[in-house]
Every structure is written in C-alpha cells, then in structure tokens.
Amino acid sequence: MATAAGSLITTVLLRVRDPDATAHPRAFVLALLTEAQRCVNGAASQVVETATLTTAPARQCYAVEANLSNALRIVGIRDEAGRDLTRTPWSALAHGNRRWWRQLGSRPLVWSLVGRDLLVLHPATPDAQTLTVAYVKKTATLSSETSVTETTDDVNDFVLALTEVILLLKARRLDGVAGPLGRLAAFASDRLTDPAMQREQSV
Amino acid sequence: MTQATVLAWVDAISGDRADGTPLAQRAATTSLYAEVATLLAREGWIANVALLPTTAGTAVYFPSSETVEVLGAFFDDRALARGRVDELRWTATQWRDVRGEPLVWIQDQETTDSFRLMPTPDVGSAAFTYDAGTGTHLGVGFPPNALGVFFAESRIDLPAWLDLPVALLVLAREFSRESDHRDPAFAGTCEQLGRILLAMVR
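Basis of the calculations
Residues numbered from 1 in each chain as written. Chains lettered and ligands numbered in written order. Predicted model: local features only at pLDDT ≥ 70, side-chain atom pairs only at ≥ 80, totals over all residues. Helix = DSSP H or I, 4+ residues; strand = E, 2+ residues; numbered from the N terminus. Rg over C-alpha atoms; globule rule 2.2 N^0.38 Å. Buried ≥ 20, exposed ≤ 12 C-beta atoms within 10 Å, placed from the backbone. Contact = placed C-beta atoms within 7 Å. Domains from an automatic or database assignment. Nonpolar A, V, L, I, M, F, W, Y, C, P; charged D, E, K, R; others polar. Pairing = 2+ DSSP bridges. Axes fitted to C-alpha atoms, helices over the stretch in contact; angles between N-to-C directions. Parallel < 35°, antiparallel > 145°, perpendicular 65-115°, else oblique. Left-handed = near helix turned anticlockwise from the far one by under 90°. pLDDT = per-residue confidence, 0-100.

Draft legend 1. Just the overall build of chain A, in detail. Scanning chain A from N- to C-terminus turns up 7 helices and 7 strands. Along chain A, helices and strands appear, N-terminal first, in the series α-α-β-β-α-β-β-α-β-β-β-α-α-α. For chain A, whose C-alpha radius of gyration is 21 Å, the value lies well above the compact-globule estimate of 17 Å for 203 residues. Of all 203 residues assigned to chain A, the portion counted as buried reaches 40%. The long-range fraction of contacts in chain A, counting pairs at least 24 apart against all pairs at least 6 apart in sequence, stands at 70%.

Okay, here's the thing in structure tokens:
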C-alpha cells in the first residue's frame with residue numbers, strides 16, 4: 001500500500017519536534033521525501049518497471065540516462081523473442097573474441113555496464129532491434145502532499161529516517177542523528193550482504 | 001541532474017551557516033562538486049565512450065578533458081591489451097619507434113591523462129564525417145582504423161539519483177576545510193550519510 005506524502009511530512013515533522021513546520025517548510029520536506037524515496041528504492045528494488053530500447057544498426061554502446069531516463073539500476077534485458085540476455089563484465093568480452101567491439105550477430109546475447117551509465121549490448125545487429133529493459137525505477141517526484149509514494153509502507157520507516165536525518169543535520173541537532181542513521185546503515189548493510197545483490201554487483 | 005540542483009541542496013542543508021555568500025554561489029563549493037564527481041569516476045560510477053581519429057605515426061592520444069582514467073581501448077575492431085612500460089622495454093629497447101597495427105595501450109607517463117599505443121599506428125583513420133560523441137559513428141558509420149576508448153569520466157551533470165549523496169559529500173568537504181564555518185562533527189555525519197546513500201543506490 002502507498003502513503004500520501006502529506007501524511008509522511010506530518011510524521012517526520014513530529015519526529016523532529018517541528019509540528020507546525022516553523023523551522024522546516026512542508027514544501028522542503030516534500031522535496032526531501034522525493035530524494036529519500038529514490039534512495040530507499042535503490043536499496044529495496046521495490047519499484048521496477050520496463051521500457052523498450054531500440055538499438056541502432058551495428059552499434060553496441062548506449063548511454064543509460066539518455067535512453068532510459070527513469071532507470072536507477074538495470075536488472076535485466078530481454079530480446080524481441082523474450083529471451084534473456086546474460087549479464088557479463090565488459091572486460092570479459094575480449095576473452096571470447098578480441099574483435100568483439102565491432103562484432104555483428106543475429107541478436108544481442110549479453111549486456112554489460114561500463115560504470116553505471118554506459119550500456120553495452122553485444123553483439124551488435126545489422127538491423128535495429130527492440131529490447132525490453134527492466135530496471136529499478138528512479139521514483140517520480142512527489143509533486144504535492146496528495147501524491148502517494150510508489151514504494152510500499154514496509155519501507156516507509158527508512159524513507160522517514162533518511163528525511164529525519166537530513167532535517168536534524170540542517171538544524172545542527174547532531175545528538176539526535178544516531179538512531180535514524182543507525183537504522184539506515186543497517187538497511188544499506190543488509191542490502192550489500194544480500195547474496196542476490198552480491199552476484200549482481202560482481203558483474 | 002545538473003550541478004545547480006546539487007548545489008541548491010548543499011545550500012538548503014547547510015542552513016546558510018556559511019557566512020556571507022550562499023555556498024552555491026562560491027567558487028570553492030563548485031570546485032568541491034568537481035572533486036566529488038572525480039571521486040565517483042575513480043570509484044567506477046561514471047564512464048563514457050569516445051571515438052578518436054588516429055593519425056599515422058602518432059602514438060599518444062587524449063580522450064577528453066573530463067577523462068579521469070582510461071579503462072579500455074580498441075583500434076579499429078580489435079580490443080587492445082593493457083600493457084606496462086617495463087613490460088614493453090623487454091619487447092624492444094626502442095619500442096616507441098615500432099610501427100604497425102596497435103596491439104597494446106599503456107597509460108602514458110610523459111603526458112597528462114593521455115595514453116600511448118604500441119606499435120604506433122602506421123595508418124590513420126578514415127575521415128570522421130559526423131559529430132563527435134556517442135552518435136552514429138559508433139554504429140554503421142564507424143570509420144576504419146578509429147580508436148575507441150572507454151574512460152572513467154568526471155561529469156558535470158551526474159544522474160539525478162545521485163543528487164542527495166553528492167550534495168552530502170560536497171557538504172562534508174565544505175565543512176571540514178579550514179574556514180569561518182568549519183564544523184567537523186557536521187562534516188563527519190554528512191560524509192557518513194553520503195556513503196550510506198551511495199551504498200543504497202549502488
């Protein structure tokens with residue numbers, strides 16, 4: 001279930017003892033919630049969507065943000081027939097063929113990332129192909145207090161904790177930061193030690 | 001995301017504690033943003049690809065002014081192996097004069113941010129008849145004997161999901177340097193939170 005942003009704003013302002021939004025305008029907290037939800041979804045991978053990517057003939061390199069503007073992290077790619085492409089480290093492509101850089105094939109077989117914003121689809125194809133890319137979504141901007149979160153209620157605590165830490169930092173109330181910061185650190189640590197995520201990170 | 005968006009966050013979270021000019025308008029803050037962008041490039045977050053024209057007899061090339069580190073290189077359709085100067089010395093004492101189709105690239109030690117091909121190309125690339133960047137030339141219009149480069153890039157406009165982590169890392173640097181608003185405890189917490197957020201979006 002999703003939560004209205006206004007409700008989250010009220011909750012976090014109570015936590016930082018500013019219920020009347022005197023020190024922290026509600027519009028500022030709303031903007032913070034947008035950023036917090038994005039980071040938390042990055043860790044939780046809750047909101048995932050797909051988009052099509054049309055390849056160019058003979059081309060293997062694509063900028064992620066320019067082609068998939070809502071993508072925070074690519075998690076999988078399928079070809080037109082619904083076959084999954086295999087994720088491979090780009091540095092391993094040369095092990096199979098030192099001429100992989102301009103190699104053509106009937107369909108892309110593997111995908112790689114160079115950094116986080118450059119996608120390699122290998123091999124290239126003589127004609128354009130339409131691929132389906134699944135990715136963890138960069139959640140949308142919460143534009144008003146009636147906007148609802150895209151992440152579900154079970155991660156609201158982390159969205160609130162992150163917002164709370166920033167508000168406490170802004171007010172230089174560092175003595176109150178330890179609790180929510182500890183919860184966030186544990187959340188991030190859980191994600192990093194998740195075996196599925198480690199496999200993903202290793203390539 | 002633009003640099004301006006991040007610096008607006010820096011200003012907002014700093015709470016105008018930096019006396020006088022807002023942080024977002026200070027040259028020092030802008031340089032700290034560039035420092036964080038370079039750090040992220042070194043840590044493998046941001047990379048790009050460039051296609052460079054080659055000239056017969058020219059061994060040293062430079063991808064772009066935003067290059068932090070060359071990650072891989074290709075000559076025509078061949079992936080080049082990464083080499084080291086001390087290895088090449090064993091192949092030939094005058095290895096810099098060897099001409100032919102490049103097989104190896106090395107980080108050049110005599111020029112900044114450049115890399116050297118070995119052997120030195122004995123043919124140049126065909127003309128680039130389109131704009132540089134990641135355009136058509138990486139597809140069907142690929143010019144023979146061109147040099148492809150993957151490089152870690154210190155980019156001004158980072159992906160939008162890095163807004164908050166980058167703002168926090170900039171704040172950590174701004175409030176830990178010597179100034180009239182130095183605040184090590186605040187800076188330390190910003191650094192810690194920024195690192196946690198980077199781990200979350202990794």
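Draft legend 2. Structural context of the domain arrangement of chain A. All names here are of chain A. When cut into domains, chain A gives domain 1 (5-45 + 139-202) and domain 2 (48-137). The distance between the C-alpha centroids of domain 1 and domain 2 comes to 32 Å. The partner domain 2 presents 5 residues to the 5 residues of domain 1 that form the contact. Residue composition of the side of domain 1 that touches domain 2, grouped by class: no nonpolar, 4 polar and 1 charged.

Draft legend 3. Seen up close, the sheet that holds strand β5 (residues 81-82) of chain B. Residues and elements named next belong to chain B. The mixed open sheet is built from 4 strands, whose spatial order is β2-β8-β7-β5. Two strands lie at the open edges of the sheet, namely β2 (60-61) and β5, each paired on one side alone. Both β5 and strand β7 (residues 104-107) contribute to a ladder of 2 bridges, which runs parallel. Paired with A81 across the two strands is V104, which belongs to β7.

Draft legend 4. Structural context of the pairing of strand β6 (residues 118-122) of chain A. Residue and element names in this part refer to chain A. In terms of residue burial, β6 counts as a mostly covered element, since 5 of its 5 residues are buried. Residues of β6 alternate between two faces, with L118, V120 and H122 on one and L119 and L121 on the opposite face, all of them buried. Summarising the sheet, strand β2 (residues 61-63) and β6 pair through 3 bridges and their orientation is antiparallel. When the sheet's bridge partners are listed, C61 is paired in β6 with V120. As judged from the 5 bridges shared by strand β5 (residues 110-114) and β6, these two strands associate in the antiparallel manner. Bridge pairing links V114 to L118 in β6. Once β5 ends, the chain turns through 3 residues before running back antiparallel as β6, passing G115 with a positive phi of about 65°.

Draft legend 5. Representation of unusual backbone geometry. In the segment running from A:H122 into A:P123, the intervening peptide bond is cis, with an omega of -5°. With respect to the helices and strands, the residue A:P123 is situated in the loop between β6 and β7 (130-137). Cis geometry marks the peptide bond from B:M118 to B:P119; its omega dihedral reads -10°. Counting through the fold element by element, B:P119 comes out in the loop between β8 (115-118) and β9 (120-121). Phi is positive for A:R17, close to 55°, though the residue is something other than glycine. Judged by C-beta crowding, with 10 C-beta atoms within 10 Å, A:R17 ranks as exposed.

Draft legend 6. Representation of the interface of chain B and chain A in the model. Each partner contributes residues to the interface: chain B has 40 residues there, and chain A has 42 residues. At the level of elements, α1 (3-14), β1 (47-52), β3 (67-75), β4 (78-79), β10 (147-153), α4 (163-174) and α5 (184-201) of chain B are the ones that each hand at least two residues to the side of chain B that touches chain A. Among the elements that take part in the side of chain B that touches chain A, α5(B) stands out by supplying 11 residues, more than any other. In terms of residue class, the side of chain B that touches chain A is built from 27 nonpolar, 9 polar and 4 charged.

Draft legend 7. Highlighting the packing of α4(B) against α5(B). All names here are of chain B. Where α4 meets α5, the axes come as close as 8 Å, and the angle between the chain directions of the two elements is 155°. Judged by the inter-axis angle, α4 sits roughly antiparallel to α5. Note on packing geometry: the crossing formed by α4 with α5 is left-handed. Contacts between α4 and α5 involve L164, P165, L168, L169, L171 and A172 from the former and A187, C190, E191, L193, G194, L197, L198 and V201 from the latter. When its residues are assigned to classes, the contact of α4 with α5 shows 12 nonpolar, 1 polar and 1 charged.

Draft legend 8. Examining the sheet that holds β5(A) more closely. Pairing is mixed in the open sheet, where 4 strands are placed in the order β2-β6-β5-β4 (chain A). The open sheet has two edge strands, β2 and β4 (86-87) of chain A, and neither has a second partner.

Draft legend 9. Fine view of the confidence of the model for chain B. Across chain B, pLDDT averages 87, with 90% of residues at or above 70. What the predictor reports for the complex is a pTM of 0.90 with an ipTM of 0.92.

Draft legend 10. Examining the packing of helix α1 (residues 5-15) of chain A against helix α5 (residues 156-170) of chain A more closely. Residue and element names in this part refer to chain A. Across the interface, α1 lies against α5 with an axial gap of 10 Å and an inter-helix angle of 50°. By the angle between their directions, the pair α1 and α5 is classed as oblique. α5 is crossed by α1, and the crossing has right-handed handedness. Each of L8, T11, V12 and R15 in α1 lies in contact with α5, whose residues at this interface are N156, V159, L160, T163, E164 and L167. Considered class by class, the residues forming the contact of α1 with α5 number 5 nonpolar, 3 polar and 2 charged.

Draft legend 11. Spotlight on the pairing of β7(A). Residues and elements named next belong to chain A. Relative to β7, strand β1 (residues 48-54) runs antiparallel, the two being bridged by 7 bridges. By the bridge assignment, V48 is partnered in β7 with V136. Sheet analysis places strand β3 (residues 71-78) next to β7, joined by 6 bridges and oriented antiparallel. When the sheet's bridge partners are listed, R78 is paired in β7 with T132.

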